[in-house]
Amino acid sequence: MQPRVTAILVARNGAGYLERTLAALAAQTRRPDSTLFTDDGSTDGSDSILARADATVFVPAASARSFGSAVANALRVAAPDGDKDSWLWLLAHDNAPAPDALAALLGAVEIAPSVAVAGPKLMRWQTSDVIESYGETITTFGASVSLVSGELDQAQHDRHNDMLAVSAGGMLVRESVWLALGGFDPALPSVDAALDFCIRVRLAGHRIVGVPDARVASAGGPERFDRPTISAHSTHSLRRRAQLHRRLTYAPVAAAVFHWLSLLPLAFARSVWHLIGKHPGFIPGEFAVALATAFSGSVLPSRRRLRKTRVLGWASIAKLRMPSREVRELRANQRAIAAVPTSQTPQGPESTRPSFLSQGGAWVVLLAGTIGAVAFSSLFGAAAVSGGALAPLSATVSELWANVGFGWRGIGAGFDGAADPFSFVLALLGTLTFWAPSQSIVVLYFLALPLAALGAWWCAARFAERGWSPAVAAILWSLAPPFLASLGGGHLGAVVAHLLLPWVVLATVNAARSWAASAASALLFAATVAAAPSLAPALLIGWLAWMSARPKSIHRLIGIVIPAAVMFAPLVVQQAIRGNWLALAADPGVPVIGSTTSGWQLALGSPVNGYSGWSDVAAGMGLHDLAAPVIVAALLAPLAVLALLALFLPGSSRAVPAMVIAFLGFVTAVAAAHVQVSAVGENTAAIWPAAGLSLFWLGLIGAVVVTLEVLGRAVVLPALLVGATAVVLAGPLLAAPIVGDSAVRASSGRTLPAFVSAEAAGDSALGTLELIAQPSGALAAVLYRGEGTSLDSQSTLAATSTDTTEAQRRLATLAGNLASKSGFDTAAEMQKLHIGFVLSPDAAGDAATETRKRAGEALDGNPSLTAIGETSTGFLWRFAELDDTRPAVGPGPLGTPLGVIVTLTQGIVLIITLLLAVPTGSRRRTRTPSSQHSEPASTFEEDDNV
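Within any chain, residue numbers begin from 1 and follow the written order of that chain's sequence. Per-residue local features are limited, in this predicted model, to residues with pLDDT of at least 70; the limit for side-chain atom pairs, both in listing and counting, is 80 or more; totals at the level of whole chains, interfaces and linings are taken over all residues. Based on all heavy atoms of the structure, the side-chain values leave hydrogens and waters out of the count.

Undergrad: In this structure, what is going on with the sheet that holds strand 23 (residues 874-879)? I would like to understand it.
TA: Two strands in a sheet stick together by hydrogen bonds in their backbones, pointing the same way (parallel) or opposite ways (antiparallel). Taking strand neighbours across the sheet as the criterion, the 5 strands line up as 20-19-21-23-22 in an open arrangement whose pairing is mixed. Each edge of the open sheet is held by one strand with a lone partner, namely strand 20 (779-785) and strand 22 (865-871). With strand direction ignored, the average angle separating the axes of adjacent strands in the sheet is 20 degrees. The pairing criterion is simple: DSSP has to find at least two bridges between the two strands. Numbering of helices and strands runs from the N terminus; a helix is a DSSP stretch of H or I covering at least four residues, while a strand is a stretch of E covering at least two. Relative to strand 23, strand 21 (residues 835-840) runs antiparallel, the two sharing 4 bridges. Across the sheet, leucine 839 pairs through a bridge with leucine 876, a residue of strand 23. The criterion used for residue contact is that any of the two residues' heavy atoms lie within 4.5 Å. Note on geometry: axes are lines fitted to C-alpha atoms, helical ones only across the stretch in contact, with angles between N-to-C directions running from 0 to 180 degrees. Here helix 33 (residues 806-818) sits on the sheet in contact with strand 19 (767-773), strand 20, strand 21 and strand 22, set at roughly 65 degrees to strand 19.

Here's what the structure looks like:
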């Protein structure tokens, strides 16, 4: 008996495809016996096109919203009889069959009575020699896999015809089987609908074949025939929801319960994987799909439908699943195919970048390393570095990490408060040399210059095509006066910020097109602002400007500030409660008083008086006071000329952002030099302006790079000149640590006298009261616990405090009575505060010397104190009657609910950002089908095996 075929054509907003599809249907060598056309609520005139076509039955204005539901609606109108020899040929508006397609499909099913479904080879709509889809299966974990996609058709797959499933487009299905199984599962409106139907067909005892000689053009439907466009995020969510629904439908009852309970844990685990794979946009969909599947009422009806028609066990389709080994091989082949440029996406000329090894980068870094090793040779073999704004780190890694987050700050009289975000940076540095954390700072001093050169070279190379520009940028950046001044003054935060700034620029520029670069930029941004909070306004302005310039990448750029915001949030809240907003810009580290810097000195790159050390050089040579600024200005002239010249040369648009950065940096430096927020005894200390000058210097170097790139072959002389003058300019600052004229020095790691450190080794709460004579004749009291205050335990909350606490008043009362003869019971108070030593450092100035003398006499006359004698840090007295009573100490960062919340929040944000920043291999590009004539957008498809 001749089989009867009913062609069912479903359209939804497919007017651009229908003419070709209808013509192809009419040109079949074996015409369908009847045609059933249905429109699914189109708004582009598709219904009118179908109404004019020569159809046996036309069903207008359905609203099924899915291909399977539209077919079901059409069949209800046609009222099929379910005859065994009747077949349904399913077509979407974008399925144009070849003239012999139906004949080939019928030829395959007529010779195999057990076959209930036959599928054609779907070819791409615009490139008919490329396979869009041919056969489907599932992996061991139930993820759907397209057996062939995106390959040039060379008959390489024609021998494979026995399949687990075929696509819905062009599917020929026995009418009785369709009716018995109830068609496509309504719970799968798009993705995996045909796959699920074919699996149920197999389990009902029928076969499914692919017919390679039957070709049907496809533009992506019917899986997405109701969507004009679809994003990668939506595609992922649809695939994941379909997989979870099938998993709950196919599993035995006991396993289904387990799968249901695992929905949210799996969503969390897969979210971590998405972070590593640079797909953060998939994360919301993971949880939304998990919740939607968990509380969907469609699983039970699907399970009943499967149980009603199933006659075979799952072992019957086991051989048709794809093993994990073949899945990996398939995806590797797909990535290899996607990596080959196609004629539809012609590649532009390759951008040439300078080679680090062959074009001077390695030599410049080596030269900078040699200069740094010579300049800081006095630190060789040192256990720690101290002096200026530096102090040794805590002795153990556990102590380093105990000083992060929110908890007890053991500086001075002690208080509960938020740690400076820079404490995270110090903890990371100290962990690198976990056996002796303070040695990490020593290593950093030796590597500072080559690291600066390395960062500048790679940043400049991103915008350069010749080797001269990055080499000059590396020299200028590694020998920048603000950088060398920060090293000499122990301003570790400014040093770290200087090292990170080129990488911040590089990562932020690349963040517009890469999630990994965006996360790296976020981490670098947070570390830079933590090291130099005064840079925050300028960097925020740059961030906003970059988002405005790249609005299409705003989803990647907007999160750059999140880690920094989370790290600073507790500190911001506490300073806001105090009403001391400017204190947020305070430098982390030991507060020090610097000389007032004029605007002219800042313009010449010097963060302190002395014009980068040239004032001392000029004075030593007997030159006039004006000689130093003239010399410095002359040495900076080549740099200034090249930077300004960039604004008038071709490509000046690239120089404008660099000059804006320079302007923001200079404004930051000027503002910092005039804002005093930290207290040092009776004086206040201004913010260290070198960080702003580093940003100023970065902008100038960027403009210089633009100029050198434009000069072409004439670059040699200007490059040599600006490099040579930079080396000469840095001479005095490089010589300062060699001749001992630097604030930083090698240290044993102790901040208190050796006698105190020995006693404190067994008593971490032991107090040492330091009485510091002030220039005005006043006396400042500082309390240290244990072996002294380390760099990581410093706190800007303490340094910028404007209110006097009860503990501070109590300490001041004790200090005043120790420094003078009175009837106050100092012994009892020292016992309560657990203070075992009193230290009086040397004083400078007549008034301070006199105050120290009077205090010393009072301390000598105190019967409860025993004079130990002069030490390297001052004269020491001991309170010998100290007992084992310990002062109250607040909890650490994990000792209170607030501390736990702050620490966990900051840790989670950093870990998530770090996972997103971890570089991964190249991802495979695949085409996302669209129902428009335009070429589909490229998206990324992941392995969905979890």
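Undergrad: Would you explain the packing of helix 26 (residues 627-645) against helix 28 (residues 690-711) in this entry?
TA: Packed helices, taken two at a time, are described by their axes: the angle between them and the distance between them. In contact at an axis separation of 7 Å, helix 26 and helix 28 are set at 65 degrees when each is read in the N-to-C sense. With respect to each other, helix 26 and helix 28 are oriented roughly perpendicular. For the pair helix 26 and helix 28, the sense of crossing is left-handed. Contacts from Leu636, Leu639, Leu642, Ala643 and Leu645 in helix 26 reach Trp697, Leu700, Ala703, Val704, Thr707 and Leu708 in helix 28. Partitioned by chemical class, the residues of the contact of helix 26 with helix 28 number 10 nonpolar, 1 polar and no charged. The cut-offs work like this: below 35 degrees is roughly parallel, past 145 is roughly antiparallel, 65 to 115 is roughly perpendicular, and the gaps in between are oblique. By definition, turning the near helix anticlockwise from the far helix through less than a right angle yields a left-handed crossing, and turning it clockwise yields a right-handed one. Three classes are used: nonpolar for Ala, Val, Leu, Ile, Met, Phe, Trp, Tyr, Cys and Pro, charged for Asp, Glu, Lys and Arg, and polar for all others, with Gly counted as polar.

Undergrad: How do you make sense of the environment of proline 588 when you look at a structure like this?
TA: Examined against the element boundaries, proline 588 turns out to sit in the loop between helix 23 (562-578) and helix 24 (599-603). Sequence spacing of proline 588 and alanine 382 is 206 residues, and the spatial spacing of their C-alpha atoms is 23 Å. Those residues in contact with proline 588 that lie beyond four places of it in its chain are Asp420, Phe422, Ala530, Ala531, Pro533 and Thr796.

Undergrad: Just checking my understanding: could you explain the nonpolar core for this structure?
TA: Within soluble globular proteins, side chains that are nonpolar generally end up buried alongside one another. By size, the foremost hydrophobic cluster in this structure holds 123 residues, and its most contacted members are Leu449, Leu476, Phe483, Leu487, Leu492 and Trp697. Look past the residues within four positions of leucine 487 in its chain and what remains in contact with it is Phe376, Tyr445, Ala448, Leu449, Val495 and Val744. For our purposes a nonpolar core is just a set of buried Ala, Val, Leu, Ile, Met, Phe, Trp, Tyr and Cys residues, chained together by side-chain atoms within 4.5 Å. Throughout this description, buried means an accessible area under 20% of the type-specific maximum (1.4 Å probe, protein chains only), exposed means over 50%, and partly exposed covers the range between. Ala165, Val177, Leu203 and Ala204 belong to the second largest nonpolar core, which has 47 residues in total.

Undergrad: Please clarify how the packing of aromatic side chains should be interpreted in this entry.
TA: For any pair of aromatic rings, geometry is given as the distance between the ring centres together with the angle between the planes. Only rings of Phe, Tyr and Trp enter the pairing, Trp through its six-membered ring, and a pair is recorded when the two centres are within 6.5 Å. The plane angle decides the type: under 30 degrees is stacked, over 60 is edge-to-face, the rest tilted. Taken as a whole and judged by the stated rule, the model has 16 aromatic pairs. With centroids separated by 5.2 Å and ring planes inclined at 55 degrees, the aromatic side chains of tryptophan 178 and phenylalanine 197 adopt a geometry described as tilted. Residue tryptophan 178 is found in helix 5 (residues 175-181), and its partner phenylalanine 197 is found in helix 6 (residues 193-203); the two are separated by 19 residues along the sequence. Across this residue pair, the class does not change: tryptophan 178 and phenylalanine 197 are buried. On the basis of an interplanar angle of 85 degrees and a centroid distance of 6.3 Å, the ring pair of tryptophan 260 and phenylalanine 295 is categorised as edge-to-face. With tryptophan 260 in helix 8 (residues 253-261) and phenylalanine 295 in the loop between helix 10 (282-294) and helix 11 (299-309), this residue pair connects regions lying 35 residues apart in the sequence. Residue classification places phenylalanine 295 among the exposed positions, given a relative accessible area of 65%. Taken together through their ring pairs, the aromatic side chains of Phe67, Trp178, Phe184 and Phe197 make up a single cluster. Two thresholds decide whether a charge sits over a ring: the Lys NZ or Arg CZ must be within 6 Å of the ring centre and within 35 degrees of the ring normal. A cation over a ring is seen here: arginine 20 above tryptophan 125, with NZ or CZ 4.2 Å from the ring centre. Positioned above the aromatic ring of phenylalanine 463 is the side chain of arginine 462, whose terminal nitrogen or guanidinium carbon lies 5.6 Å from the ring centre.

Undergrad: Quick question: what am I supposed to make of the packing of helix 7 (residues 232-250) against helix 9 (residues 263-276) here?
TA: Relative orientation of the contacting elements helix 7 and helix 9 amounts to 145 degrees, with a least axis distance of 14 Å. Helix-helix and strand crossings are classified by hand; for helix 7 and helix 9 the assignment is right-handed. Across from His236, Arg240, Leu244 and Arg247 in helix 7, the residues of helix 9 making contact are Leu263, Leu266, Arg270 and His274.

Undergrad: Just checking my understanding: could you explain unusual backbone geometry for this structure?
TA: In most cases, non-glycine residues show a negative phi, while peptide bonds are predominantly trans. Despite not being glycine, asparagine 13 has its phi angle at roughly 50 degrees, a positive value. In this fold, asparagine 13 is placed in the loop between strand 1 (4-11) and helix 1 (15-26). A positive phi angle, close to 50 degrees, is found at tyrosine 611, a residue other than glycine. Tracing the sequence through the fold places tyrosine 611 in the loop between helix 24 and helix 25 (614-620). Note on tyrosine 611: relative accessible area 16%, which makes it buried.

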